[in-house]
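Structural characterization, general
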Amino acid sequence: MILSKFVDELPIPPVLKPYWKDQFHTYYKVNMVEIKQSLHSELNETKVWGYEGSYPGPTIEVVSGEKVFIKWTNNLPVKHLLPIDHTVHGAHKDVPEVRTVVHVHGASVEWESDGYPESWFTKGFEHVGPYYRKKAYRYDNNMRACTLWYHDHALGITRLNVYAGLAGFYLIRDQQERLLNLPCGKYEIPLIIQDKSFNEDGSLFYPRQPEKPVLQLETSIAPEFFGDIILVNGKVWPFVNVEPRKYRFRLLNASNSRFYRFKLDSDQLIYQIGTDGGLMEYPIGIKEIILAPAERADVIIDFTNLEGRNIIVKNDAPAPFPDGEPENVVDTVMEFRVALPLSSIDTSVIPSYLVPFPKMSEQSASKERHLTLDEKTDKYGREIMLLDGKKWDAPITENPKLGSTEIWYLINLTDDSHPIHLHLIHFQILDRRAFHLEIYKQERVIKYTGPLMPTEPQERGWKDTVNANPNQVTRIIMNFGPYTGLYVWHCHMLEHEDYEMMRPYIVIR
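Here's a quick rundown of the structure.

Rules used throughout
Residues numbered from 1 in each chain as written. Predicted model: local features only at pLDDT ≥ 70, side-chain atom pairs only at ≥ 80, totals over all residues. Heavy atoms only, no water. Disulfide = S-S within 2.5 Å. Phe/Tyr/Trp six-rings, centres within 6.5 Å; stacked < 30°, edge-to-face > 60°. Lys NZ or Arg CZ within 6 Å of the ring centre and 35° of its normal. Buried < 20%, exposed > 50% of the residue type's maximum accessible area, 1.4 Å probe, protein only. Helix = DSSP H or I, 4+ residues; strand = E, 2+ residues; numbered from the N terminus. Pairing = 2+ DSSP bridges. 1 Å grid on protein atoms, 1.4 Å probe; cavity = no way out; pocket = protein on both sides within 12 Å on 5 of 7 lines; lining within 4 Å. Points joined across faces, edges and corners; volume = space filled by probe spheres on them. Nonpolar A, V, L, I, M, F, W, Y, C, P; charged D, E, K, R; others polar. Axes fitted to C-alpha atoms, helices over the stretch in contact; angles between N-to-C directions. Core = buried A, V, L, I, M, F, W, Y, C linked by side-chain atoms within 4.5 Å. Contact = heavy atoms within 4.5 Å. Salt bridge = Lys/Arg side-chain N within 4 Å of Asp/Glu carboxyl O. Polar contact = N/O pair within 3.5 Å; in protein donor to acceptor, adjacent residues only side chain to side chain.

A separate point is the state of the cysteines. In this structure the tally under the stated criterion is zero disulfides. With no disulfide of its own, Cys146 lies closest to Cys184 among cysteine sulfurs, the gap being 18 Å.

Below you can see the structure in the form of structure tokens.
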């Protein structure tokens, strides 16, 4: 399908107003519904799912330490918008077709409010999953200022629910960030980036079968999904008018499986000031930014002295990443038009120093875990991705103690990069190192074949999602807390996550 680029203006999701607020608590109600929305002016309206009647959902803004309760309700139809593969765990015929559960990605939260994949609920809470505990989720937000997002996390159909539209920003603010005089107000714009494909009638296309169809099955999960059209904030290839001044953008890759490597065609620097878990110690000027699914980058772009210029955000990341097919690249994301007059003098700054970033010491770790990322085939000959060779319902093997520090070695035995996400905690990336794949497969011994590669400058901050590259060991260090209970870790390529590349873990006293 051919759609014109840069004909629709970028929408900016509204900030959600609380249902009720006093000095102790803030209470929100968020409803999931099916709606029709215009995603491009040359397309018929598209049926999507949205929080509070919009795709993407409204932005939830909270202050560090604010006690927030959110009642998430499901008012979706009983039939799914997209094809369900009932051979996938959690999506068999013995559960309702449409189930949802919300995860605030990157939040430090009690496990009952984390959006555990089997805590799902249906319309009107008529049916609930085995781990469902409460209607109103509690978020204490005891975190530094950071860019989080909320999305669906129902076992076996996360890829379908997020693709249908269930995603939105969740921003935490604090006093320290406020004092830095970063661009703010209308000069701070969240950008949620997704790839999709459309049918001729404007409806969402999602494949019923992988490229090599499984003849025994009516619907079969695809190993990955890559759309051929990019949407930003729910619009296809939009433009946004900006003033010749500095702007802050919160970038979020909310695609199912697609990685992005963003560049500006003006060849100017992008100033990165934050990672998944908040501000970095120092800003860095970079020409390109790689974002795996679920990763965020907090950036400033300076349009000063560029009056009248149109600047296109380009992408050249192969799909699958890093060695995918060139024909799968979608090379255009959106356009900035420096078309507005300067409304006031730009007094915002790119500070030379942002916030302290205390490095975690490897000596503080009480445990190391060696965990493999594996590719196998199932009984239908489909590829199935696993963590440490185990499926979702195998007994729990990762059981860190509350308050303990651990180092995880992520040993990638597959051909793809995998964005690995841990719930509850933020971690630091220590390093990556190439190793001998065949020796490891035969002897389960890591024989390194290259030097230690330090963390990429754009990842030197708190993270909740790390890109584990093929033929490399990626090491991360984290402290488990402040809550105990049941959480998950998984690959954030949603087709992988839904088909077994997710494991529960438990934080014990």
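Structure shown, so let's carry the discussion forward.
Okay, the packing of aromatic side chains next. Under the criterion given, the structure shown has 31 aromatic pairs. Following the ring pairs from residue to residue traces out a cluster consisting of Tyr187, Tyr247, Phe249, Phe303 and Phe336. A cation over a ring is seen here: Lys5 above Trp237, with NZ or CZ 4.7 Å from the ring centre. A cation sits over an aromatic face here: Arg337 above Phe239, 3.8 Å from the ring centre.

What follows covers the pairing of strand E5 (residues 68–74). Among the seven residues in E5, five count as buried, and that is most of the element. Pairing of E5 with strand E7 (residues 136–139) involves four bridges; the strand directions are antiparallel. By the bridge assignment for E7, Phe69 is matched with Arg138.

Turning to empty space enclosed by the protein, a few remarks are in order. Summed over all chains, the structure comprises two cavities of 30 Å³ or more. The computed volume of the largest cavity comes to approximately 120 Å³. Residue lining of the largest cavity: 14 residues in total, with Leu251, Phe262, Ile301, Val313 and Phe336 positioned closest to the centre. Taken together, the elements giving at least two residues each to the lining of the largest cavity come down to strand E10 (188–198), strand E15 (246–253), strand E16 (260–264), strand E20 (296–302) and strand E22 (332–337). Here the lining of the largest cavity gets three residues from one element, more than from any other, and that element is E22. Looking at the lining of the largest cavity residue by residue, the classes come out as 14 nonpolar, no polar and no charged. Here the second largest cavity is characterised by a volume of approximately 40 Å³. When residues of the lining of the second largest cavity are traced back to their parent elements, those giving at least two are strand E8 (146–152), E15, strand E17 (270–275) and strand E18 (278–286). A per-class count over the lining of the second largest cavity returns three nonpolar, four polar and four charged.

What the largest pocket holds in volume is close to 970 Å³. Around the largest pocket, the lining comprises 38 residues; the ones closest to its centre are Pro210, Glu211, Ala222, Pro223 and Glu224. Contributions of two or more residues to the lining of the largest pocket are made by strand E24 (383–387) and helix H4 (494–498). A per-element tally of the lining of the largest pocket places E24 first, with three residues. By residue class, the composition of the lining of the largest pocket is 17 nonpolar, seven polar and 14 charged. By volume, the second largest pocket is sized at about 340 Å³. Lining the second largest pocket are 16 residues, with Ile290, Arg432, Glu456, Gln458 and Glu459 positioned closest to its centre. Mapped by element, the contributors of at least two residues to the lining of the second largest pocket are E18, strand E19 (288–291) and strand E28 (453–454). Counted by class, the lining of the second largest pocket contains seven nonpolar, four polar and five charged residues.

In this section: the sheet that holds strand E23 (residues 367–377). Ordered in space as E24-E23-E25-E30-E27-E28, the six strands form an open sheet in which the pairing is mixed. The open sheet has two edge strands, E24 and E28, and neither has a second partner. As paired elements, E23 and strand E25 (residues 405–412) share seven bridges and run parallel to each other. Across the sheet, the residue bridging to His370 is Tyr409, located in E25.

If you walk across this open sheet you meet the four strands as E29-E26-E31-E32, and the pairing is antiparallel. At either end of the open sheet lies a strand with only one pairing partner, and these are strand E29 (465–468) and strand E32 (502–507). Strand-to-strand twist across the sheet, computed as the mean angle between neighbouring axes with direction ignored, equals 25 degrees. The pairing of strand E26 (residues 418–422) with E29 spans four bridges and is classified as antiparallel. By the bridge assignment for E29, Pro419 is matched with Asn467.

So, about the nonpolar core. Grouped burial of nonpolar side chains is what soluble globular proteins tend to show. With 92 residues, the main nonpolar core has Trp72, Tyr170, Phe249, Phe303 and Phe336 as its most contacted residues. Top contributing element to this core by residue count: strand E2 (residues 26–37), with five residues. Setting aside anything within four residues of it in sequence, one finds Tyr170 in contact with Ile60, Val62, Val68, Ile70, Val104, Tyr139, Asn141, Cys146, Thr147, Leu148, Trp149 and Tyr150. One finds Phe321, Trp408, Leu422 and Ala468 within the second-largest nonpolar core, a separate group that totals 36 residues.

Turning next to the pattern of salt bridges. Using the criterion set out here, one finds 35 salt bridges in the structure. Close ionic contact of Asp298 with Arg248 constitutes a salt bridge, the shortest N to O distance being 2.6 Å. In this pair, Asp298 sits in strand E20 while Arg248 sits in strand E15, placing the two residues 50 residues apart along the sequence. In this structure Asp298 comes out as buried when scored by relative accessible area, which is 4%. Overlapping salt bridges, with partners in common, bring together Glu61, Arg173, Glu177, Glu188, Arg248, Arg250 and Asp298 in one network.

To continue, consider the environment of Thr26. Within the secondary structure, Thr26 sits in strand E2. Taking relative accessible area as the criterion, Thr26 reaches 1% and is therefore assigned buried. Setting aside its immediate chain neighbours within four residues, Thr26 contacts Pro18, Trp20, Lys21, Glu66, Lys67, Val68 and Phe69. A polar atom in the side chain of Thr26 sits 2.5 Å from the side chain of Glu66.

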